[in-house]
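Secondary and tertiary structure notes
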Amino acid sequence: MAERLLISALKGGKDTKSIILNRKKMKKIPSALEKLPGLKNLDLQNNLILSVCPEISTLTQLTALNLGNNLIEEVPEEMKHLISLKKLHLFGNRICRFAPGACDGLQNLILLNLNNNELTQLPQEVSRLKSLTYLSINYNRLASIPIELCFLEDLSELQLNYNQLICIPEEIKFLKKLKTLFLVRNNIEVLPEGLCDLKKLRMLDIAGNIIQIFPPRFQNLKLREFYCEGNPLFLKQPVIAVQQEDVWSLKEIASRFVMNQLEEKNPFLMHAIEQYPQVRNIISQGKKCVICGKSFFTMWLECVQFVPPSKNWLVSRNLELVPLRTLICSYKCFNRRGHNIFGIAEV
Ligand SMILES: [Zn+2]
């Protein structure tokens, strides 16, 4: 039947640029497609197609392919021959894997829609989709995303709603052109600090996760819209800290001494440190106390600071103050009066 439908679609002659065969109960892609090497648009959504035919490889001028709402289980290897493809719709299938090499030839792909499938992971090879600008993988079962995804330089919109993600890689900071990030309904507890480096990010939706606190510098993002309903955000309630003495390791005491002396430009240490690149490397990982400004190394108090969302952000109604993760050097600083920083109680 598929062949007959195609033949009637071919009445336009050999130069046919577009074929649309929706809701025809087709079980396979008609192999006669190979007679149409000039085809630009092929729309076969809402059929019963299980897999693509090898003849599809001849469609090297195809720019748009819609196989949405079929029964496909794998992003097929044949895709690699579609070197002109710009838009690929595979939503509403049963896709749980990419065939090896499927991404190899899709150098011009701009849009990939994999919504409503059964993917639990993405292959590292997604990094070969060099032109990818819009990627949508809502309603799948992703538990993680590969770091390689963060090397797609042109990616502007990333939709990962309704998955099972527990974290986002720090490398997300490399998505310099990312404007829109949807992470609704996942299991994310911590957002990476690298998120705060996304200067182009304008739209962030993290509703329905398990986030309590945001990374430092979060309020510097130039967002236009920010939604965070359904997260157990810290509320502004002072937590009484146990008035205990700080007990630091010898390494911590030595590191703090060296770091702070170097900041004061102690000439003896400035000279000595040149001889010890490992020490220099270690102390470069030091952090600064937001209260006293002094450096510390691996021991700190984890606190929360509440800041109003940036005025330019359009925010969820529940969000009056943004809880930011804040580190301070000691109980001595914590117990000082006049700061706006709260301890995080261990529950
Ligand atoms: Zn301090």
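Parameters and conventions
- Residues numbered from 1 in each chain as written.
- Predicted model: local features only at pLDDT ≥ 70, side-chain atom pairs only at ≥ 80, totals over all residues.
- Heavy atoms only, no water.
- Donors = N, O, S within 2.8 Å, 3.2 Å for Na, K, Ca; no water.
- Tetrahedral: all angles 85-135°; square planar, octahedral: opposite > 155°, others 65-115°.
- Helix = DSSP H or I, 4+ residues; strand = E, 2+ residues; numbered from the N terminus.
- Buried < 20%, exposed > 50% of the residue type's maximum accessible area, 1.4 Å probe, protein only.
- Pairing = 2+ DSSP bridges.
- Salt bridge = Lys/Arg side-chain N within 4 Å of Asp/Glu carboxyl O.
- 1 Å grid on protein atoms, 1.4 Å probe; cavity = no way out; pocket = protein on both sides within 12 Å on 5 of 7 lines; lining within 4 Å.
- Points joined across faces, edges and corners; volume = space filled by probe spheres on them.
- Nonpolar A, V, L, I, M, F, W, Y, C, P; charged D, E, K, R; others polar.
- Axes fitted to C-alpha atoms, helices over the stretch in contact; angles between N-to-C directions.
- Disulfide = S-S within 2.5 Å.
- Domains from an automatic or database assignment.

Digging into the coordination of the zinc ion
The protein atoms that coordinate the zinc ion are C289 (SG), C292 (SG), C329 (SG) and C333 (SG), at distances spanning 2.3 to 2.4 Å. Around the zinc ion sit four donor atoms, and with donor-metal-donor angles ranging over 104 to 120 degrees the site reads as tetrahedral. Spacing between the donor residues of the zinc ion along the chain follows C-x2-C-x36-C-x3-C. A residue pair is termed long-range when its members are at least 10 positions apart, and C289 in the loop between β13 (287-288) and β14 (295-296) and C329 in the loop between β17 (322-328) and α5 (331-334) qualify at 40 residues. Summarising the burial analysis for this pair, C289 and C329 share the class buried.

A few points about the pairing of strand β15 (residues 301-307)
The element β15 is extensively covered by neighbouring structure, given that five of its seven residues are classed as buried. In this structure, β15 lies alongside β17, joined through seven bridges in antiparallel fashion. Among the inter-strand pairings, E302 is bridged to a residue of β17, identified as L327. One ladder, built from three bridges, connects β15 with strand β18 (residues 341-343); its direction is antiparallel.

So, the pattern of salt bridges
All told, the structure shown has ten salt bridges when counted by the stated rule. Among the salt bridges present, the one from K177 reaches D154, with a minimum N-O distance of 2.9 Å. Residue K177 is found in the loop between β9 (157-159) and β10 (180-182), and its partner D154 is found in the loop between β8 (134-136) and β9; the two are separated by 23 residues along the sequence. For E252, the salt bridge goes to R256, with nearest N and O atoms at 2.7 Å. Taken together, the positions of E252 and R256, both in helix α2 (residues 250-263) and four residues apart, correspond to about one turn of that helix. Each of E193, E302 and R325 takes part in a single network of salt bridges with overlapping partners.

Focus on the sheet that holds strand β16 (residues 314-315)
Pairing in this open sheet of eleven strands is parallel, and the strands run β1-β2-β3-β5-β7-β8-β9-β10-β11-β12-β16 from one edge to the other. The sheet is open, and its two edges are formed by β1 (18-20) and β16, each paired on a single side. Relative to β10, β9 runs parallel, the two sharing three bridges. When the sheet's bridge partners are listed, E157 is paired in β10 with T180.

With respect to empty space enclosed by the protein
Applying the stated criterion across every chain, the model contains one cavity of 30 Å³ or more. Of the voids in this model, the largest cavity is the one considered here, and its volume is about 40 Å³. As for the largest cavity, its lining consists of V75, L88, F98, A102, C103, L106, L109, L112 and L129.

Structural notes on the layout of surface pockets
Roughly 330 Å³ of volume is contained in the second largest pocket. In the lining of the second largest pocket, the residues fall into six nonpolar, four polar and six charged.

Some points on the sheet that holds β15
What the three strands build is an open sheet, ordered β17-β15-β18; its pairing is antiparallel. This sheet does not close on itself; its edge strands, each paired only once, are β17 and β18. Here the strands of the sheet are splayed against their neighbours by 40 degrees on average, with no regard to which way each runs.

So, the state of the cysteines
For the structure shown, the criterion picks out zero disulfides. C303 forms no disulfide, and the closest cysteine sulfur to it belongs to C289, at a distance of 8.8 Å.

Section: the domain arrangement of the protein chain
As far as domains go, the protein chain holds domain 1 (2-164) and domain 2 (250-343). Taking only C-alpha atoms, the centre of domain 1 and the centre of domain 2 are 49 Å apart.

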